[in-house]
Amino acid sequence: MRIPRIHVATPLPPGELLQLPEQAGEHLVRVLRLETGHPLILFNGDGHEVDARLATVARRAVTAELLARRECSRESPLSLTLAQSIARGEKMDWILQKATELGVARIVPVVTERTEVRLDEDRAGKRLAHWQQVVASACEQCGRTELPEIATPQKLMHWCASLGAADTAARFALLPDADVGLREIGPLNQGALLLIGPEGGLSEQDIAIARNAGFRGLRLGPRILRTETAGLAALAALQAVAGDFT
């Protein structure tokens with residue numbers, strides 16, 4: 001029997017009755033056609049899962065009875081940050097979804113010289129809220145109990161300037177002509193930061209900014225990868241080398 005996993009942004013004390021978010025409740029009742037008593041798994045991003053069951057099913061309110069809380073971490077031991085040049089529409093959603101499934105810890109949407117998407121403050125806020133929902137849905141599907149952090153969209157130079165010496169994670173910019181391959185990257189005991197360019201690639205100015213911030217070029221074979229492929233391939237490769245894909 002399939003047990004739905006639902007993310008809710010609220011405390012989940014066992015023994016309480018919780019009204020589920022409207023969208024989640026509608027999906028359970030109208031799409032999945034579940035009835036009262038059906039088991040659920042709820043999580044709020046704190047590393048725990050809560051066993052629950054459908055308590056009431058009404059047109060305007062679907063509630064769940066919270067039963068038992070248990071620790072259930074499925075996070076990678078390798079802390080990975082993906083700095084992704086903002087891609088258009090569904091491409092960005094795809095990147096966020098799959099990066100979450102691959103175990104990324106943090107995602108930083110960056111604006112580079114060739115980034116085609118431009119967001120003013122209002123649009124940036126709306127996109128950030130949408131991206132957070134994409135990540136939450138991906139966690140529901142893949143079993144994660146902690147949501148990756150999504151930073152506010154920012155210019156590449158501002159993000160690089162914010163990286164202090166205390167952040168000792170290895171820093172890589174994915175470049176097709178880089179001299180360093182996966183076998184030469186060395187240990188990743190402090191995790192890694194991955195910088196991925198836009199559809200047109202990182203410009204010379206972007207590369208200079210990254211190198212001044214301590215980023216090394218990293219290549220993944222002889223082929224040029226699309227922006228929606230590059231970061232995901234690099235995340236999977238690093239998880240295989242030093243994460244939990246072993």
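The structure this text deals with has already been given above.
Bear in mind the structure is a predicted one, so any value in this text is a computation, not a measurement.

How each quantity is defined
- Residues numbered from 1 in each chain as written.
- Predicted model: local features only at pLDDT ≥ 70, side-chain atom pairs only at ≥ 80, totals over all residues.
- Heavy atoms only, no water.
- Disulfide = S-S within 2.5 Å.
- Buried < 20%, exposed > 50% of the residue type's maximum accessible area, 1.4 Å probe, protein only.
- Phe/Tyr/Trp six-rings, centres within 6.5 Å; stacked < 30°, edge-to-face > 60°.
- Helix = DSSP H or I, 4+ residues; strand = E, 2+ residues; numbered from the N terminus.
- Lys NZ or Arg CZ within 6 Å of the ring centre and 35° of its normal.
- Axes fitted to C-alpha atoms, helices over the stretch in contact; angles between N-to-C directions.
- Parallel < 35°, antiparallel > 145°, perpendicular 65-115°, else oblique.
- Left-handed = near helix turned anticlockwise from the far one by under 90°.
- Contact = heavy atoms within 4.5 Å.

Chemist: I would appreciate a short explanation of the state of the cysteines in the present structure.
Modeler: Note on terminology: disulfide describes a covalent bond linking the sulfur atoms of two cysteines. All chains considered together, the criterion is met by zero disulfides. Free cysteine Cys139: the closest other cysteine sulfur is in Cys142, separated by 5.2 Å. Relative accessible area serves as the criterion here: at 0%, Cys139 is assigned to the buried category. Judged by its relative accessible area of 26%, Cys142 falls in the partly exposed class.

Chemist: Would you mind going over the packing of aromatic side chains with me for this structure?
Modeler: Within a pair of aromatic rings, the relevant descriptors are the distance that separates the centres and the angle that separates the planes. Scanning the model with the defined rule gives one aromatic pair in all. Plain terms: the ring middles of Trp159 and Phe215 are 5.8 Å apart, the flat faces sit at 55 degrees to each other, and that makes the pair tilted. With Trp159 in helix α4 (residues 156-162) and Phe215 in the loop between α5 (204-212) and β12 (216-218), this pair connects stretches of sequence that are 56 residues apart. The aromatic ring of Phe43 is capped on one face by Arg5, whose charged end is 4.4 Å from the ring centroid. One cation-aromatic arrangement involves Lys98 over Trp94; the distance from NZ or CZ to the ring centre is 4.8 Å.

Chemist: Explain the packing of helix α2 (residues 89-101) against helix α3 (residues 121-142) to me, please; I cannot follow it from the model alone.
Modeler: In helix packing, the relevant descriptors are the interaxial angle and the interaxial distance, both defined with respect to the helix axes. Running from amino to carboxyl end, α2 crosses α3 at an angle of 40 degrees, the nearest separation of the two axes being 9 Å. Looking at the two axes, α2 sits oblique to α3. Along this stretch, α2 crosses α3, giving a crossing that reads as right-handed. Residues Gly89, Met92, Asp93, Leu96, Gln97, Thr100 and Glu101 of α2 lie in contact with α3, whose contacting residues are Arg127, His130, Trp131, Val134, Val135, Ala138, Cys139, Gln141 and Cys142.

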